[in-house]
Amino acid sequence: MEVGIIGQGYVGLTIAAFASKHHKVIGFDTNFESVTQLNKGISHIEGVASEVIAAAIKIGNYRATTNVSDISNTDVVVIAVPTPLTMDRKPDLSFIDSACRSIGSSLNKRALIINESTSFPGTLRNHIKPLIEKYSKKDLDHLYAISPERVDPGRTDWNQKNTPRLYSGLTPEATARTRDFYSSFCDELVEVSTPEVAEAAKLFENTFRQVNIALVNELAEISHALGISIHETLDAANTKPYGFMKFNPSAGVGGHCIPVDPSYLAYVAAEKGVPATFIERANEVNLEMPKYIVDRVRIDNGGSLKNKLVQVIGVAYKPDVADVRETPAELVIKELQEQGAFVSWHDPIVKVWHGEESSPLGGAEISIVVTLHSEMNVSAVLQSAPYVFDTTGKIIGARGL
Ligand SMILES: NC(=O)c1ccc[n+]([C@@H]2O[C@H](COP(=O)([O-])OP(=O)(O)OC[C@H]3O[C@@H](n4cnc5c(N)ncnc54)[C@H](O)[C@@H]3O)[C@@H](O)[C@H]2O)c1
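Residues numbered from 1 in each chain as written. Predicted model: local features only at pLDDT ≥ 70, side-chain atom pairs only at ≥ 80, totals over all residues. Heavy atoms only, no water.

1. Section: the packing of aromatic side chains
For the structure on display, the rule yields seven aromatic pairs. For the ring pair F181 and F185, a centre distance of 5.3 Å and an interplane angle of 75 degrees mean the geometry is edge-to-face. Like F185, F181 is buried. On the numbers, 5.9 Å between centres and 65 degrees between planes, the contact of F208 with F247 is edge-to-face. Of this pair, F208 sits in helix α7 (residues 195-226) while F247 sits in the loop between α8 (230-237) and α9 (261-271); the two residues are 39 residues apart in sequence, bridging distant segments of the chain. Overall, the relative accessible area of 36% leaves F208 in the partly exposed class. Feature note: the residues F120, Y264 and Y267 constitute an aromatic cluster, connected by ring pairs. K21 extends its terminal NZ or CZ atom over the ring of F18, reaching a point 4.7 Å from the ring centre. (Phe/Tyr/Trp six-rings, centres within 6.5 Å; stacked < 30°, edge-to-face > 60°. Buried < 20%, exposed > 50% of the residue type's maximum accessible area, 1.4 Å probe, protein only. Helix = DSSP H or I, 4+ residues; strand = E, 2+ residues; numbered from the N terminus. Lys NZ or Arg CZ within 6 Å of the ring centre and 35° of its normal.)

Structure, rendered in structure tokens:
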């Protein structure tokens, strides 16, 4: 099959890497720089090796493009564009809208269009399909399906091949063709009765994580007030063989999914007049963590951070990725600056952030570890300052959550 993938970021390029083993893939992206690099066989996404892209190019199964008319004769089109929040934390479907315009106006033949971008139930049926039809040149009667993406960047044990994949089409033909497409590179496919079930399941998976992370963050505050270790408490609870799942406290949630997707569910709940109390409270608790952490550091350091040199270590939102989207490190730095500290940051993977280079490890009076990458030397981190506060629970001997 000839497959067009709209968006060559974390999701789109990961799909391209797997699909290009069996199909001819055209990766369309509006980012000229990424496209140029990809066509040289250079991947910009951790978890997608440059060698894989180079090998797919070599056998003629992959090319990237900024020219949308290159997807005009594809059999399958996969949408993998961002679905962020607006400033007032409402779903921002503007990238989906522009992808739909591109797809509708460029396709010259009937295609299967699959949405992998995360959005609220009803997006495929009530938003994507009508929009593509509006821009379609001819009455091509495209097929529409959803298959929400579950990729966990940086993870190696679960990938596109062995992670079970949900899918559902708007028609039986769309469902069957979606199954054919993914079965060429996925081991386990799970068909659900409607696209809305698949869309809701994806949102709930990430809402489940967000709420549980907030709950354990709340417990971190309670444990500290009680003078007991949150980590020992969690390990003790985790000896129960059933009915408990361990989550770890942290500076909050980051990335494109966990802080964002629950708000899509809350939005659709509000549209239906149903309260989404847990989701909203979880959001608040996680967003309050950076202030809680900075307050703990301030109290430990004589009650003021004014003019103190503080280094934030690890600014990516999770270990072993360079992704800084929605990173809680940003809020930790902002809070430190508001409290009068001079802040530097160190991250060997992120390297450049907001146009500023990562500073060398150490040299500050206080270190706050937000993310511990596996390439970081734990004892060097522990010795980076006279006072080290660890939000990850992995550095023995440091103060922390
Ligand atoms: N990153 C993850 O871990 C993850 C996991 C599961 C689901 N998702 C979902 O997948 C979707 C994509 O996320 P991502 O992390 O890959 O985003 P990303 O920002 O890494 O990549 C998106 C790419 O789309 C491109 N783009 C934007 N608008 C475009 C357009 N109109 N036409 C062509 N290209 C366009 C951007 O230049 C970018 O390269 C989102 O809905 C996200 O919620 C992400």
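2. Overview of the site of the ligand
Every one of the 26 residues lining the ligand counts as a neighbour, but V11, D29, T83, S98 and T118 are closest to it. S98 places a side-chain nitrogen or oxygen 2.6 Å from a nitrogen atom of the ligand. The protein chains hide 91% of the 830 Å² of surface that the ligand would expose on its own. The leading source of residues in the shell around the ligand is helix α4 (residues 94-106), at three residues. Residues that form the shell around the ligand fall into these classes: 12 nonpolar, 10 polar and four charged. (Near = heavy atom within 4 Å. Polar contact = N/O pair within 3.5 Å; in protein donor to acceptor, adjacent residues only side chain to side chain. Areas by Shrake-Rupley, 256 points an atom, 1.4 Å probe, with all protein chains shown as cover. Nonpolar A, V, L, I, M, F, W, Y, C, P; charged D, E, K, R; others polar.)

3. Some thoughts on helix α11 (residues 328-338)
If you check which residues of α11 are buried, you get P328, A329, V332, I333, E335 and L336. Axial view of α11: buried residues confined to an arc of 165 degrees, hence all on one face. In this structure, the buried residues of α11 make contact with α10 (277-300), β9 (309-313), β10 (342-346), β11 (352-353) and β13 (366-369). Looking one or two places after α11, you find G340, whose phi comes out positive at around 90 degrees. (Arc of directions from axis to C-beta. Contact = heavy atoms within 4.5 Å.)

4. Considerations on the pairing of strand β6 (residues 143-146)
The two faces of β6 match: L143 and A145 on one face and Y144 and I146 on the other face are all buried. For strand β5 (residues 112-115) and β6, the ladder comprises four bridges, and the chain directions are parallel. Its bridge partner lying in β6, L112 is registered against L143. Handedness of the crossover is the feature at issue here: the chain leaves β5, passes through helix α5 (residues 123-135), returns alongside β6, and the resulting connection is right-handed. Pairing of β6 with strand β7 (residues 165-169) involves two bridges; the strand directions are antiparallel. Residue I146 lies in a different strand from β7, and its bridge partner there is S168. (Pairing = 2+ DSSP bridges. Right-handed = clockwise from strand over helix to strand, strands pointing away.)

5. Here's the deal with the nonpolar core
I6, I79, I103 and I113 are the most contacted members of the largest nonpolar core, which has 35 residues in total. Secondary structure elements with two or more residues in this core: β2 (24-28), β4 (76-79), α4, α5, β6, α7 and α9. Looking at which element gives the most residues to this core, the answer is α9, with five residues. Leaving out residues up to four positions away in the same chain, I6 has contacts with F28, I71, V77, V78, I79, A80, V81, A99 and I103. (Core = buried A, V, L, I, M, F, W, Y, C linked by side-chain atoms within 4.5 Å.)

6. Some thoughts on the sheet that holds β6
In space, the eight strands of this open sheet follow the order β3-β2-β1-β4-β5-β6-β7-β8, with mixed pairing throughout. Each edge of the open sheet is held by one strand with a lone partner, namely β3 (62-65) and β8 (189-191). Taking the axes of each pair of neighbouring strands and ignoring which way they run, one obtains an average angle of 25 degrees across the sheet. As defined by bridge partners, β7 adjoins β8 across three bridges and the pair is classed as parallel. Across the sheet, residue L166 finds its bridge partner in β8, namely V190. On top of the sheet, helix α6 (residues 172-183) reaches β1 (2-6), β4, β5, β6, β7 and β8; it is set at about 150 degrees to β7, its chief contact. (Axes fitted to C-alpha atoms, helices over the stretch in contact; angles between N-to-C directions.)

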